[in-house]
Amino acid sequence: MGTSPVLCVADAGLAGEILRNEQGIWSAANPGDAMVDELAILDDAQHREVRALFQRVFDADSIDGYLRLADPLVDAAIERWLTRGRVHFKREVVRLMKRVTARALLGARGVADAEWLARALAWVCAGRGAVLPPWLSPKAIRARLAYAGLRGALSKRTAAGSADLLGRLRAAARDAGFHDDERLLRLFLSVVVGAVETTASAMASMGYLLAKHEPWQERLRDEARDAGLAPVTCAGGRRLELARCTWNESMRLFPVAPHVPRRARRTTRVGGADVPAGTGVLVMLTTLWSDPAWWSEPDGFDPDRFSAARAEDRRRKGLFLPFGAGAHACIGMQLATAQALSFWHAMLTRCRFSLAPGYDAHHTFSPMGMVSGDVRLAVKPA
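Residues numbered from 1 in each chain as written. Predicted model: local features only at pLDDT ≥ 70, side-chain atom pairs only at ≥ 80, totals over all residues. Heavy atoms only, no water.

Draft legend 1. Looking closely at the confidence of the model for the protein. In this model, the protein carries an average pLDDT of 87, and 91% of its residues clear a pLDDT of 70 or more. The element-level mean pLDDT for the protein is lowest in helix α5 (residues 110-128), coming to 72, with strand β11 (residues 376-381) highest at 98. Note on residues 31-37: pLDDT is under 50 here. Beyond four places in sequence and across chains, it has 13 contacts. (pLDDT = per-residue confidence, 0-100. Helix = DSSP H or I, 4+ residues; strand = E, 2+ residues; numbered from the N terminus. Contact = heavy atoms within 4.5 Å.)

Here it is, written out as structure tokens:
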């Protein structure tokens, strides 16, 4: 990449070893990302300190609280789609996730506040995908201005009694003696922006697949009704096994990220290859997840491959790690899965939907990996 050699790894066993990083060989640091001080790119004691803080606000009880704040926004969005009888799903699910984030994670107060926060988040997200250098890209410039505005607005909020993620995080930080509020906000916004992009992208892909494969839509609808969950919680979501399998299959077919980057901290060997210190390594997720050696008919949509009976994802350790592994596994993976299961439970119990017009999609990046096309749906009551 450029003038630097990069080793690409598409072997499940090696991929798992690199991501788990039990020997401390691999660094997640990426000096090129100066927008925020990201939790995902910290190493060693610094990473452990911050991760322990975030883990206190990503437990099951906290996630259930975030879902309760999000539920009214999800219900209102579905009602609008039903009234219109159609939805530009790819665009609208991204918009919905930004509103949910503004309310449940950022603690927005009122409609105007939520809209402003959602719009600022959109600008920050867009800036992360800018191709030009930051000083030349209008997207990147606007993203930095929006980030500064978010930081200023959030720094004025109080955490007392807040059910949103930011309020809980500030309370946890005070309890832990973490007093660098500026850095806490940078870390918090990096996690939030990543959550918006990745979760919305995967949900858009799942919407296309369920609209394309309506028999699966019916199976998930029956499961959702039989589960009798109102509302969905972390514990209750475990009963939505088919929905969870479909969520995994959506991420496998349309990976949100093509690879996971790491850098060798010292000279080592990988699969018989000598890797000098400082060498970049890419764990190739898209290759791993489409390898016919491990997946039956890998190009087909088959959520049952993730069922307990077949468990293709467990044929080899390290084969399917959509949220990473080890110390740097995605801190928000339980939240993302809970949000997806909660949304699809609400959508499927109230709607039937189909592609309007139909098309055959492919995997694309814009900048997150997701389904191509608009994913326009015709929607009617279930």
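Draft legend 2. Focus on helix α13 (residues 333-350). Between the first and last C-alpha of α13 there are 26 Å, a value that for 18 residues agrees with the 26 Å anticipated at 1.5 Å per step. Buried residues dominate α13, accounting for 14 of its 18 residues. (Expected span 1.5 Å × (residues − 1). Buried < 20%, exposed > 50% of the residue type's maximum accessible area, 1.4 Å probe, protein only.)

Draft legend 3. Summary view of the packing of helix α4 (residues 89-105) against helix α8 (residues 181-212). Following both chains from N to C, one finds α4 and α8 inclined at 145°, their axes separated by 9 Å at the closest point. Handedness of the α4/α8 crossing: right-handed. Seen from α4, the contacting residues are Phe89, Lys90, Val93, Val94, Met97, Lys98, Thr101 and Leu105; seen from α8, they are Phe188, Val192, Val196, Thr199, Ala200, Met203, Ala204 and Gly207. Residue composition of the contact of α4 with α8, by class: 11 nonpolar, three polar and two charged. (Axes fitted to C-alpha atoms, helices over the stretch in contact; angles between N-to-C directions. Left-handed = near helix turned anticlockwise from the far one by under 90°. Nonpolar A, V, L, I, M, F, W, Y, C, P; charged D, E, K, R; others polar.)

Draft legend 4. Representation of the sheet that holds strand β8 (residues 351-355). Strand order in the open sheet formed by three strands is β3-β11-β8, and the pairing between neighbours is antiparallel. Each of the sheet's edge strands pairs with one partner strand only, and the pair in question is β3 (86-88) and β8. Here the average twist between neighbouring strands, direction ignored, is 30°. (Pairing = 2+ DSSP bridges.)

Draft legend 5. Here's a closer look at the pairing of strand β4 (residues 259-264). Burial along β4 is one-sided: Val260, Arg262 and Ala264 are buried, and none of His259, Pro261 and Arg263, which face the opposite way, are. Here strand β2 (residues 26-27) pairs with β4 via two bridges, running antiparallel. Looking at β4, one finds that Trp26 is bridged to Ala264.

Draft legend 6. Quick look at the environment of Gly358. Assignment of secondary structure puts Gly358 in the loop between β8 and β9 (363-365). As a C-alpha pair, Gly358 and Ser290 span 68 residues in sequence and 24 Å in three-dimensional space.

Draft legend 7. View of unusual backbone geometry. Note that the residue after Ala230, namely Pro231, is joined by a cis bond; omega there is 0°. Position of Pro231 among the secondary structure elements: in the loop between α9 (214-227) and α10 (234-237). Put simply, Ala356 and Pro357 share a cis peptide bond, and its omega is -5°. By the secondary structure assignment, Pro357 is in the loop between β8 and β9. One non-glycine residue, Asp44, lies in positive phi territory at about 55°. Locating Asp44 in the fold gives a position in helix α2 (residues 44-55). Even without a glycine there, the phi angle at Ala311 is positive, about 45°. Locating Ala311 in the fold gives a position in the loop between α12 (285-288) and α13.

Draft legend 8. View of the packing of α2 against α8. Contact geometry of α2 with α8 gives a least axis separation of 12 Å together with a crossing angle of 70°. Overall, the two elements α2 and α8 adopt an arrangement that is roughly perpendicular. Residues Gln46, Val50, Leu53 and Phe54 of α2 form the contact with α8, whose participating residues are Arg183, Leu184, Leu187, Phe188 and Val191. Of the residues contributing to the contact of α2 with α8, the split by class is seven nonpolar, one polar and one charged. (Parallel < 35°, antiparallel > 145°, perpendicular 65-115°, else oblique.)

Draft legend 9. Fine view of the sheet that holds strand β1 (residues 6-9). Pairing is mixed across the open sheet formed by four strands, whose spatial order is β1-β7-β4-β2. Either end of the sheet is taken by a strand with one partner, and the two such strands are β1 and β2.

Draft legend 10. Up close: a positive patch on the surface. A cluster of basic residues, Arg80, Arg84, Arg86 and Arg91, forms a positive patch at the surface. Residue class for Arg91 comes out partly exposed when judged on its relative accessible area of 45%. (Patch = residues over 30% accessible without salt bridge, like charges linked within 9 Å, V, L, I, M, F, W, Y side chains within 5 Å. Areas by Shrake-Rupley, 256 points an atom, 1.4 Å probe, with all protein chains shown as cover. Salt bridge = Lys/Arg side-chain N within 4 Å of Asp/Glu carboxyl O. Lys, Arg positive; Asp, Glu negative; His and termini not counted. Charge placed at Lys NZ, Arg CZ, Asp CG, Glu CD.)

Draft legend 11. Broad picture of the nonpolar core. If you look at the biggest cluster of nonpolar residues, it comprises 53 residues, and the most contacted ones within it are Trp81, Phe89, Phe343, Trp344, Met347, Phe353 and Leu377. In terms of residues, this core owes the most to one element, α8, which gives nine residues. For Trp344, the contacting residues outside a window of four places in its chain are Phe89, Met203, Met206, Gly207, Leu210 and Phe353. Listed in part, the 41 residues of the second largest apolar core include Ala102, Val124, Leu169 and Cys234. (Core = buried A, V, L, I, M, F, W, Y, C linked by side-chain atoms within 4.5 Å.)

Draft legend 12. Summary view of empty space enclosed by the protein. Under the definition given, this model contains three cavities of 30 Å³ or more. Lining the largest cavity, in full, are Leu67, Ala70, Asp71, Val74, Met97, Val100, Met203, Gln339, Ser342 and Phe343. Secondary structure elements with two or more residues in the lining of the largest cavity: α3 (60-84), α4 and α13. Among the elements that take part in the lining of the largest cavity, α3 stands out by supplying four residues, more than any other. (1 Å grid on protein atoms, 1.4 Å probe; cavity = no way out; pocket = protein on both sides within 12 Å on 5 of 7 lines; lining within 4 Å. Points joined across faces, edges and corners; volume = space filled by probe spheres on them.)

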